[in-house]
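This is what each chain is made of:
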Amino acid sequence: MDFDLIIVGGGLAGASVAAALQGSRFRVALVEPHPPVVADGWDSRVYAVSPSSAEFLREIGIWQHLDAGRIAPVQKMSIHGDAGGTLEFSAYDSGLPELAWIVESGRIHRELWETVRRQHNVTMLGGSVPDSMTIERDAVALGFSDRKPVYGRLVVGADGVNSWVRTRAGIDAEITPYEEKGVVANFRCEHDHRNRAFQWFRPDGILALLPLPGRMVSMVWSCANGHADLLLALDAETLARRVGEAAGGVLGALELVSVAQAFPLRFMRVASPVKARVALVGDAAHAIHPLSGHGINLGFQDARALAQALKALPPWRDPGDIAVLRGYARTRAEEPFLLQYTTHGLNRLFGSGNPIMSALRNAGLNLTDRLPVVRNALVRYAVSGRF
Ligand SMILES: Cc1cc2nc3c(=O)[nH]c(=O)nc-3n(C[C@H](O)[C@H](O)[C@H](O)COP(=O)(O)OP(=O)(O)OC[C@H]3O[C@@H](n4cnc5c(N)ncnc54)[C@H](O)[C@@H]3O)c2cc1C
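The shown structure was predicted, so the numbers you read here are calculated from the model rather than taken from an experiment.

## Examining the pairing of strand β2 (residues 28-31)
- Burial of the side chains of β2 extends over both faces: Val28 and Leu30 are buried on one face and Ala29 and Val31 on the other.
- The sheet contact formed by strand β1 (residues 3-8) and β2 spans 4 bridges and is parallel. Residue pairing across strands places valine 8 opposite valine 31, the latter belonging to β2.
- Viewed along the sheet, the connection from β1 through helix α1 (residues 12-20) into β2 turns out right-handed.
- Sheet analysis places β2 next to strand β8 (residues 122-125), joined by 4 bridges and oriented parallel. Along β8, the bridge assignment pairs valine 31 with leucine 125.

Encoded structure:
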């Protein structure tokens, strides 16, 4: 057998599975055609990394190597409804040092990639992607057009929301496009954000401004495809003015400091992320609306759970055994399900033009704001996955 694990997809989820297996007895292949790209200036793709994901990244030796000067803690979060509803979360009130950290995508990816490349138990298979997958009783074989097939005991599908591994393994997925895009861009702001994240549920989409170090913020505006295309077509000054107005001027005048980009949004769920010799992690296993900022946080927890399940095996146990993989699936059953449906429900609730729904959702925000126990329980769930 060539490898114990073949990880297909070296994005953040796949690379973190490999990194979490450092020092283990497993021989790992990582198949990824594209090395990380690090932006020259500030990456317009950022993640709100939860404290439990930061803890995982520290465990696998990534977090401590990130440039602290490029990471912003989130101390407070203000959520505004479309008719006066407001909800405020604060790390201090919830007894936490911070609610999340805002980190650039390319920089976490590069650190993961460099860590994995230094690992003795990992072979990087770059360049091409597999074109066939055969699941046998004792092994799985991946074929390539330009190299010999590779054999492993377990294939890990970490190849994103359109996962080739998932399709080849015959794992059915429920996919619902939101018909929306997430438009991302960074802005310099006139007023200090004081490490506060903002989110507005607006008739034209959900606008989030996340704090970056200094007087900068990163925007995610999730909106209907047509509106996203309109935003992308605006010149820098008009876009900055439009975002500043949508934000009610809370941060004063804005200045665009990166290229605006858009990503299609979809909901995707599988009945089970495993079958014999196959396990899915990250967006290959679940795709979630970015309004809760949880997609890669779920992916990191998948990576952590899968690596823990494998490292706990005695040497004679087969890592591709379905009984082993079902254990991993059980530990990951609740968190993605709850977050996916809560986020999906919120998106639908705030997407409705019905005035009764509008009154209800704004009243709901105000009521939650006045119930500190509920509010703080929500914060704890959001940052740790536990009430
Ligand atoms: C606008 C927006 C904002 C977001 N904000 C947040 C946030 O604040 N916090 C958060 O937690 N999440 C956020 N997310 C979600 C997050 O981006 C995803 O959950 C995350 O990128 C998924 O990582 P992944 O490694 O599973 O998949 P991907 O990032 O899609 O990586 C898949 C990898 O597989 C490789 N690949 C694909 N096919 C093959 C193949 N056939 N063979 C080999 N390799 C292959 C690709 O090259 C890629 O490197 C956001 C998403 C969007 C769209």
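Next, the rest of the story.
## Some words on helix α2 (residues 51-59)
- Taken as a whole, α2 has its buried residues at Ser52, Ser53, Ala54, Phe56 and Leu57.
- Looking one or two residues past α2, glycine 61 carries a phi angle of roughly 80 degrees, positive in sign.

## Here's the deal with the packing of α2 against helix α7 (residues 295-311)
- At a minimum axis separation of 9 Å, α2 and α7 run at an interaxial angle of 45 degrees. With respect to their mutual orientation, α2 and α7 come out oblique. In this structure, the crossing between α2 and α7 has a hand that is left-handed. In this structure, α2 contributes Ser52, Ser53, Glu55, Phe56, Leu57 and Glu59 to the contact, and α7 contributes Asn297, Phe300, Gln301, Ala303 and Arg304.
- In terms of residue class, the contact of α2 with α7 is made up of 4 nonpolar, 4 polar and 3 charged.

## Some remarks on α7
- With 17 residues, α7 ought to run about 24 Å at 1.5 Å a step, and its terminal C-alpha atoms sit 25 Å apart, in line with that.
- Burial analysis of α7 places 14 of its 17 residues in the buried class, which makes it a mostly covered element.

## Examining the site of the ligand
- Close to the ligand lie 31 residues; Glu32, Arg45, Ala48, Asp283 and Ile296 are nearest.
- One nitrogen or oxygen atom from the side chain of aspartate 283 is found 2.7 Å from an oxygen atom belonging to the ligand.
- At 2.8 Å from an oxygen atom of the ligand is found a main-chain nitrogen or oxygen belonging to isoleucine 296.
- When residues of the shell around the ligand are traced back to their parent elements, those giving at least two are α1, β3 (46-49), β17 (261-270) and α7.

## Examining unusual backbone geometry
- Residues other than glycine seldom take positive phi values, yet glutamate 179 does so here, at roughly 60 degrees.
- Within the secondary structure, glutamate 179 is located in strand β12 (residues 173-189).
- One non-glycine residue, arginine 277, adopts positive backbone phi at about 75 degrees.
- With respect to the helices and strands, the residue arginine 277 is situated in the loop between β18 (274-275) and β19 (278-280).
- Since its relative accessible area comes to 5%, arginine 277 is described here as buried.

## Focus: the sheet that holds β3
- Reading across from one edge, β3-β7-β4 is the order of the 3 strands in this open sheet, with antiparallel pairing throughout. The sheet terminates laterally at β3 and β4 (72-74), the two strands that pair on one side only. Strand after strand, the sheet turns through a mean of 30 degrees between neighbouring axes, direction not considered.
- Bridge analysis of β3 against strand β7 (residues 100-104) gives 4 bridges, and the strand direction is antiparallel. In the strand pairing of β7, valine 46 is matched with glutamate 104.
- Sheet strands touched by α2: β3 and β7. Its angle to β3, the strand with the most contacts, is close to 100 degrees.

The rules we used
- Residues numbered from 1 in each chain as written.
- Predicted model: local features only at pLDDT ≥ 70, side-chain atom pairs only at ≥ 80, totals over all residues.
- Heavy atoms only, no water.
- Buried < 20%, exposed > 50% of the residue type's maximum accessible area, 1.4 Å probe, protein only.
- Helix = DSSP H or I, 4+ residues; strand = E, 2+ residues; numbered from the N terminus.
- Pairing = 2+ DSSP bridges.
- Right-handed = clockwise from strand over helix to strand, strands pointing away.
- Axes fitted to C-alpha atoms, helices over the stretch in contact; angles between N-to-C directions.
- Parallel < 35°, antiparallel > 145°, perpendicular 65-115°, else oblique.
- Left-handed = near helix turned anticlockwise from the far one by under 90°.
- Contact = heavy atoms within 4.5 Å.
- Nonpolar A, V, L, I, M, F, W, Y, C, P; charged D, E, K, R; others polar.
- Expected span 1.5 Å × (residues − 1).
- Near = heavy atom within 4 Å.
- Polar contact = N/O pair within 3.5 Å; in protein donor to acceptor, adjacent residues only side chain to side chain.

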